[in-house]
Amino acid sequence: MVGVEGNQSVFCSVCRQFPNTADKNSNFFIGTAGESGKKTSSFRDHAKSKAHVKCELADRAARAEEGESVAEATLSNIAQAEKTNIIKLFNTAHALCKNNRPFSDFIWLLELQCKNGAELGQSYRNSVQCATFAYYIAKACKQEVIEWLKDANFYSIMVDGSTNVRVTEVQLVYIRASKKGHVRVFLVAVKVLARPNANAVIQAIFEALASELDISREVLLQRVGFAADGAAVNFGARAGVAAQLKQDIPWLIGVHCIVHRIELALKNVMKQIPFQENVENLLQKASSKPGML
């Protein structure tokens, strides 16, 4: 593209549009009124120069419609390939979590996939990134649960006590809900109890549902059932969890977990076998003294 200034000097309009790319010492950038501006060979030489070619490419990119430039197409292809690789890494991290495998397995599992011909790229292939993937997977799953529960008419809370490796009393809080005939159960949280009593269990339930699922105490009290094992802390006639909840929810139905009932029945049967008591005592001693066995 050639321009002519008022003093009849000839210049390259494309190069002047991109001064940071053009050759500023070129006669066609400065403007020439001499013989070089009249020779066809001068025009050809300038058109073939590296600086002018770069300016032409920049001009084409600037004029191109969105998504049509070579640069955009190249970046789009790179982005799509990277996205495909990230999806594969997320799927691998999800599989590890679902199968209770350590994050350290992430590395060799990716190596195996590459050996089988999978394209995974070279980025994010370590256990630290696997933990990051797992975090965002969990975050997405929790949001899905929150959205699903918004339309549920009734909830049932299930709790189960346990002890962690520090022999600290913890409470597993589950929520069970039905929507359009489809029943689902979700593990909400594992809460450490300040004290192993009913008040602490109730506090753990409300805190878990509020912090993890954005379910307020007021909403929960409108539509809740309760299930737990038959321990006194849960079903004590006066101060148990179910009894205290019924003070705010008179219609609440407390359900003694059927599985725990079967366990208690089996335990009562086993008491009639003398050898069973010896085995139970041995296991209790072994659990209190890990080096015993």
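Bear in mind the structure is a predicted one, so any value in this text is a computation, not a measurement.

Chemist: I'd like to hear about the packing of aromatic side chains, residue by residue, with values.
Modeler: The tally for this structure, following the rule as stated, stands at six aromatic pairs. Ring centres 6.2 Å apart and planes at 65° place the aromatic pair phenylalanine 106 and phenylalanine 133 in the edge-to-face group. A residue pair is termed long-range when its members are at least 10 positions apart, and phenylalanine 106 in helix α6 (residues 105-115) and phenylalanine 133 in helix α7 (residues 127-150) qualify at 27 residues. Their ring planes at 70° and their centres at 5.9 Å tell us that tryptophan 148 and phenylalanine 186 sit as a pair that is edge-to-face. Residue tryptophan 148 is found in helix α7, and its partner phenylalanine 186 is found in strand β5 (residues 182-192); the two are separated by 38 residues along the sequence. When its relative accessible area of 11% is taken as the criterion, tryptophan 148 is described as buried.

Chemist: Please set out the pattern of salt bridges residue by residue, giving values where relevant.
Modeler: Under the counting rule described, the total for this entry stands at five salt bridges. A salt bridge links arginine 101 to aspartate 105; the shortest N-O distance between them is 2.9 Å. Residue arginine 101 is classed as partly exposed on the basis of its relative accessible area, which comes to 45%. Owing to a relative accessible area of 9%, aspartate 105 belongs among the buried residues under this scheme.

Chemist: Provide a residue-level description of unusual backbone geometry, including the pertinent values.
Modeler: The residue asparagine 100 is not glycine, and still its phi comes out positive at about 55°. Along the polypeptide, asparagine 100 turns up in the loop between α5 (70-98) and α6. In the Ramachandran plot, lysine 180 falls in the positive-phi region, its phi being about 55° despite a non-glycine side chain. Within the fold, lysine 180 resides in the loop between β4 (169-179) and β5.

Chemist: Lay out the nonpolar core in plain terms, naming residues and giving numbers.
Modeler: Ranked by size, the top nonpolar core spans 36 residues in total, and within it Leu149 and Ile175 carry the most contacts. If one sorts the elements of this core by residue count, helix α8 (residues 198-213) sits on top with ten residues. Among all residues touching leucine 149, those that are not within four sequence positions of it are Tyr155, Ile175, Ala177, Phe186, Leu213 and Ile215.

Chemist: Account for empty space enclosed by the protein, with residues named and values stated.
Modeler: Gaps between atoms show up when a probe of the same size as a water molecule is rolled over them. All chains considered together, the criterion is met by one cavity of 30 Å³ or more. Each pocket or cavity is described by its volume, and for the largest cavity that value is around 40 Å³. Lining the largest cavity are Ile157, Ile205, Phe206, Leu220, Leu221, Val224, Phe226, Leu245 and Ile249. Going through the elements one at a time, α8, α9 (217-222) and β6 (224-228) are the ones with two or more residues in the lining of the largest cavity. Tallied by class, the residues present in the lining of the largest cavity amount to nine nonpolar, no polar and no charged.

Chemist: Give a detailed account of α7, specifying residues and quantitative values.
Modeler: Its 24 residues place the ends of α7 35 Å apart at the C-alpha level, agreeing with the 34 Å of an ideal helix rising 1.5 Å per residue. Within α7 the residues assigned to the buried category are Cys130, Phe133, Ala134, Ile137, Val145, Ile146, Trp148 and Leu149.

Chemist: Account for the layout of surface pockets, with residues named and values stated.
Modeler: Estimates place the volume of the largest pocket at around 320 Å³. Around the largest pocket, the lining residues are His94, Cys97, Lys98, Ala134, Ile137, Ala138 and Cys141. Secondary-structure elements contributing two or more residues to the lining of the largest pocket are α5 and α7. Of all the elements, α7 adds the most residues to the lining of the largest pocket, at four residues. Among the residues making up the lining of the largest pocket, the classes are represented as five nonpolar, one polar and one charged.

Chemist: Which residues make up the packing of α8 against helix α11 (residues 241-248), and what values do they have?
Modeler: At a closest axis distance of 9 Å, the pairing of α8 and α11 adopts a crossing angle of 60°. The pairing of α8 with α11 is recorded here as oblique in orientation. By crossing handedness, the relation of α8 to α11 is classed as right-handed. Along the contact surface, α8 presents Ala198, Asn199, Val201, Ile202, Ile205 and Phe206, while α11 presents Val241, Gln244 and Leu245. Among the residues forming the contact of α8 with α11, the class breakdown is seven nonpolar, two polar and no charged.

Reading the values: rules and limits
- Along each chain, the written sequence defines residue order, and numbers are assigned to residues from 1.
- Totals for whole chains, interfaces and linings use all residues, but because this is a predicted model, local features are given only for residues with pLDDT of at least 70 and pairs of side-chain atoms are given and counted only at 80 or more.
- Only hydrogens and water are set aside when side-chain values are computed; all heavy atoms of the structure are taken into account.
- Paired rings are identified among Phe, Tyr and Trp, the last through its six-membered ring, by centres lying within 6.5 Å, and are further divided according to the angle between planes into stacked (under 30 degrees), edge-to-face (over 60) and tilted (the rest).
- Note on conventions: DSSP H or I runs of at least 4 residues are helices, E runs of at least 2 residues are strands, and numbering of each starts at the N terminus.
- A 1.4 Å probe rolled over the protein chains alone gives each residue an accessible area, and that area as a share of the maximum for its type sets the label: buried under 20%, exposed over 50%, partly exposed in between.
- For this document, the term salt bridge refers to a Lys or Arg side-chain nitrogen within 4 Å of an Asp or Glu carboxyl oxygen.
- The criterion is simple. A nonpolar core is a set of buried Ala, Val, Leu, Ile, Met, Phe, Trp, Tyr and Cys residues joined through side-chain atoms within 4.5 Å.
- Residues count as neighbours in contact if any of their non-hydrogen atoms are within 4.5 Å of one another.
- Points on a 1 Å grid, built from protein atoms alone, make a cavity when a 1.4 Å probe fits but cannot get out and make a pocket when they are open with protein on both sides within 12 Å along at least 5 of 7 lines; residues with an atom within 4 Å of a point are the lining residues.
- Grid points are joined across faces, edges and corners, and a volume is the space filled by probe spheres set on the points.
- For this classification, Asp, Glu, Lys and Arg are treated as charged, while Ala, Val, Leu, Ile, Met, Phe, Trp, Tyr, Cys and Pro are nonpolar and the rest, including Gly, are polar.
- Helix span is expected to be 1.5 Å times the residue number reduced by one.
- An axis is simply a line fitted to the C-alpha atoms; with a helix, the fit covers only the stretch in contact. Between two such axes, the angle follows the N-to-C directions and lies from 0 to 180 degrees.
- The labels follow the angle: roughly parallel below 35 degrees, roughly antiparallel above 145, roughly perpendicular from 65 to 115, and oblique for the rest.
- The handedness criterion is simple: a crossing whose near helix is rotated anticlockwise from the far helix by less than a right angle is left-handed, and one whose near helix is rotated clockwise is right-handed.

All we've got here are geometric facts, nothing functional implied.
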